[in-house]
Amino acid sequence: QVQLVESGGGLVQPGGSLRLSCAASGITFSIYDMYWYRQVPGKERELVAVITSTGGSTKYADAVKGRFTMSRDNAKNTVYLQMNSLKPEDTAVYYCNARWKAWNLERDYWGQGTQVTVSS
């Protein structure tokens, strides 16, 4: 059974920091590219960051570039999102996503999400 479990969300003041974690089980974590998305009620899910399976490459949405850092520890089957200089517009439910594709096979798994609220 595949599980992606996010943690680390919460309430933080503007300018503050949070570190999200996503622990994976039931998959060969080291072959999956990992993604963080976020979603605000009434809006589409938005890609925040992605990291390749080896951790050798990361990409970020323009809205978070320079403030957020995504990393992974394949020995712990865990991916992280360090969020600094948080703004009220970062408020959303943050979701972890694991994807693998080879030839005509694809696997795509999602976590349940963790709420991040940035407010004074």
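Structure: see above.
For the structure given in this document, a descriptive report is provided here. (Residues numbered from 1 in each chain as written. Predicted model: local features only at pLDDT ≥ 70, side-chain atom pairs only at ≥ 80, totals over all residues. Heavy atoms only, no water.)

This next bit is on the environment of Q3. Counting through the fold element by element, Q3 comes out in strand 1 (residues 3-7). It is 26 Å that separates the C-alpha atoms of Q3 and V64, two residues lying 61 residues apart in sequence. Residue contacts for Q3: discarding those within four places in its chain leaves A23, A24 and S25. (Helix = DSSP H or I, 4+ residues; strand = E, 2+ residues; numbered from the N terminus. Contact = heavy atoms within 4.5 Å.)

The next subject is the nonpolar core. Counting residues in hydrophobic clusters, the biggest one holds 28 residues, and the most contacted among them are M34, W36, V79, L81, M83 and Y94. Taken together, the elements giving at least two residues each to this core come down to strand 3 (18-25), strand 4 (33-39), strand 5 (46-51), strand 7 (68-73), strand 8 (78-83), strand 9 (92-102) and strand 11 (114-118). Each residue touching L81, except ones within four places of it in the same chain, is listed here: L18, R19, L20, W36, V48, A49, F68, T69, M70 and Y94. (Core = buried A, V, L, I, M, F, W, Y, C linked by side-chain atoms within 4.5 Å. Buried < 20%, exposed > 50% of the residue type's maximum accessible area, 1.4 Å probe, protein only.)

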